[in-house]
Amino acid sequence: MTVRKTYKLYIGGAFPRSESGRTYLVDGDNAALASRKDARDAVVAARKAQSKWAGATAYNRGQVLYRIAEMIEARRAEFEALGVSTAELDATIDRWVWYAGWSDKIAQVAGNANPVAGPFFNLSAPEPTGVVAVTAPASLLGLASVIAPAIVTGNTVVVITPAAQIAITLAEALATSDVPAGVVNVLTGHSAEVAPWLASHDDVNALDLTGLDDTDLATDLERSASGTLKRVIRPAAGVPDFTADPGVRPMTALLETKTVWHPKGF
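Every chain is numbered independently, its residues counted from 1 as its sequence is written. Residues qualify for local features only when their pLDDT is at least 70, as the model is predicted, and side-chain atom pairs are given and counted only at 80 or more; totals for whole chains, interfaces and linings, by contrast, use all residues. Remark: hydrogens and water are excluded; side-chain values derive from all non-hydrogen atoms of the structure.

Trainee: Lay out the nonpolar core in plain terms, naming residues and giving numbers.
Mentor: Throughout this description, the term nonpolar core refers to a set of buried Ala, Val, Leu, Ile, Met, Phe, Trp, Tyr and Cys residues connected via side-chain atoms within 4.5 Å. For every residue, the accessible area (1.4 Å probe, protein chains only) is compared with the maximum for its type, and the residue is labelled buried under 20%, exposed over 50%, or partly exposed between those bounds. Grouped together as the largest cluster of nonpolar side chains are 53 residues, with contacts concentrated most on Ile72, Trp96, Ile147, Ile151, Val157 and Val184. By definition, any uninterrupted DSSP run of H or I lasting at least four residues is a helix, any uninterrupted run of E lasting at least two residues is a strand, and each is numbered from the N terminus. With nine residues, helix H6 (residues 140-152) is the largest single contributor of residues to this core. Not counting the four nearest positions on each side in its chain, Ile151 is found in contact with Trp53, Arg61, Leu65, Ile68, Trp96, Val157, Val183 and Val184. Core analysis: the second largest hydrophobic core is formed by 26 residues, Ala42, Ala133, Val194 and Leu198 among them. Should any heavy atoms of two residues lie within 4.5 Å, those residues are considered in contact.

Trainee: Please set out the packing of helix H8 (residues 191-199) against helix H9 (residues 215-226) residue by residue, giving values where relevant.
Mentor: Direction vectors running N to C along H8 and H9 enclose 20°, while the axes themselves pass 8 Å from each other. Of the possible angle classes, the one that applies to H8 and H9 is roughly parallel. Pair H8 / H9 crosses with right-handed handedness. Contacts between H8 and H9 pair Ser191, Ala192, Ala195, Pro196 and Ala199 from the former with Leu217, Leu221, Ser224 and Ala225 from the latter. Polar here means any residue outside two lists: the nonpolar Ala, Val, Leu, Ile, Met, Phe, Trp, Tyr, Cys and Pro, and the charged Asp, Glu, Lys and Arg; Gly therefore counts as polar. A class-by-class count of the residues in the contact of H8 with H9 yields seven nonpolar, two polar and no charged. Axis geometry follows a simple rule: fit a line to the C-alpha atoms, using only the stretch in contact for helices, then measure angles between N-to-C directions, giving values from 0 to 180 degrees. By the definition adopted for this analysis, an angle is roughly parallel if under 35 degrees, roughly antiparallel if over 145, roughly perpendicular if from 65 to 115, and oblique otherwise. Crossing handedness is read from the near helix: turned anticlockwise from the far helix by less than a right angle, it gives a left-handed crossing, and turned clockwise, a right-handed one.

Trainee: Kindly report on the pairing of strand S2 (residues 23-26), identifying the contributing residues and their values.
Mentor: Every other side chain in a regular strand lies on the same face of the sheet, so the side chains alternate between the two faces. Judged by which residues are buried, S2 turns out to be one-sided: Tyr24 and Val26 face inward and are buried, whereas Thr23 and Leu25, on the alternate face, are not. Any two strands with at least two DSSP-identified bridges between them are counted as paired. Direction of pairing for S2 relative to strand S3 (residues 29-32): antiparallel, over a ladder of four bridges. In the sheet register, Leu25 faces S3, and the bridge partner there is Asn30. Connecting the antiparallel pair S2 and S3 is a turn made up of two residues, with Asp27 showing a positive phi of about 50°.

Trainee: Summarise the environment of Ala253; cite the residues concerned and give the values.
Mentor: Within the secondary structure, Ala253 is located in the loop between helix H10 (249-252) and strand S11 (255-263). When residues no more than four places from it in sequence are discounted, the contact partners of Ala253 are Arg231 and Ile233.

Trainee: Outline the packing of aromatic side chains, listing residues and values.
Mentor: Paired rings are identified among Phe, Tyr and Trp, the last through its six-membered ring, by centres lying within 6.5 Å, and are further divided according to the angle between planes into stacked (under 30 degrees), edge-to-face (over 60) and tilted (the rest). Summed over the entire model, instances satisfying the criterion amount to four aromatic pairs. Ring geometry for Tyr10 versus Phe15: centroids 4.8 Å apart, planes at 35°, classification tilted. By relative accessible area, Phe15 is classed as partly exposed at 30%. Look at Trp98 and Tyr99: their rings are 5.0 Å apart centre to centre, the planes differ by 80°, and that puts the pair in the edge-to-face class. In this structure Tyr99 comes out as buried when scored by relative accessible area, which is 0%. Criterion for a charge above a ring: Arg CZ or Lys NZ at most 6 Å from the ring centre, at most 35 degrees from the ring normal. The ring of Trp197 has Arg36 sitting right over it, with the charged end atom 3.9 Å from the ring centre. One residue, Lys264, lies across the ring of Phe121, its end atom 5.3 Å from the ring centre.

And the structure:
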């Protein structure tokens, strides 16, 4: 007897069904259709995990990302069965390893010792923005390209994507790696239905619209986000090329800068 898989949500390290009980079909498979309540639960889980994740050492976060790459490598057959090409799998694994290597280097790039006129040290140090809501691309490489830069710098994420099969298979890799519960939360369903609640949520600090191809919806979400002064990453014009070198911008876009003054010479 063949047991068919149901693709559930990924919230707080667990795989619950949608509280609404709704599902939708993705290439013949049932997937949970996330609701407003699921989005709120995911934000609670992300907020609970954020301070501890941000407080981990940069080296530790890099090791966790490297472990994610290992788990994706171990699940090649599962991703290939979902139609992910060998080239995309290789690029995805490379992308996770690449960001893992940046974990203990981005502070040196984004931070600085500033020259001041006086007997003081003046240091600028990057800090994570907090909880980031992400409208994610449908591809595996696209998911890696929006999740990895957010979490390597100490943020936690709530991801909304229609690509349930690939996203939840990725979530299963995350769940069996060293990623703490709540650092990554995946909601499957429709961005137009769930994203407005994330955009206006008081406990979401930033909004990444990279995977959104509806410009009118992106404008509405940005308008909603302005009510709580969220940082917003707007989608690029045209089709994003996730195979290109991303540079440091995806990481620095989700960092805040703390400036510290300290007297010297006394």
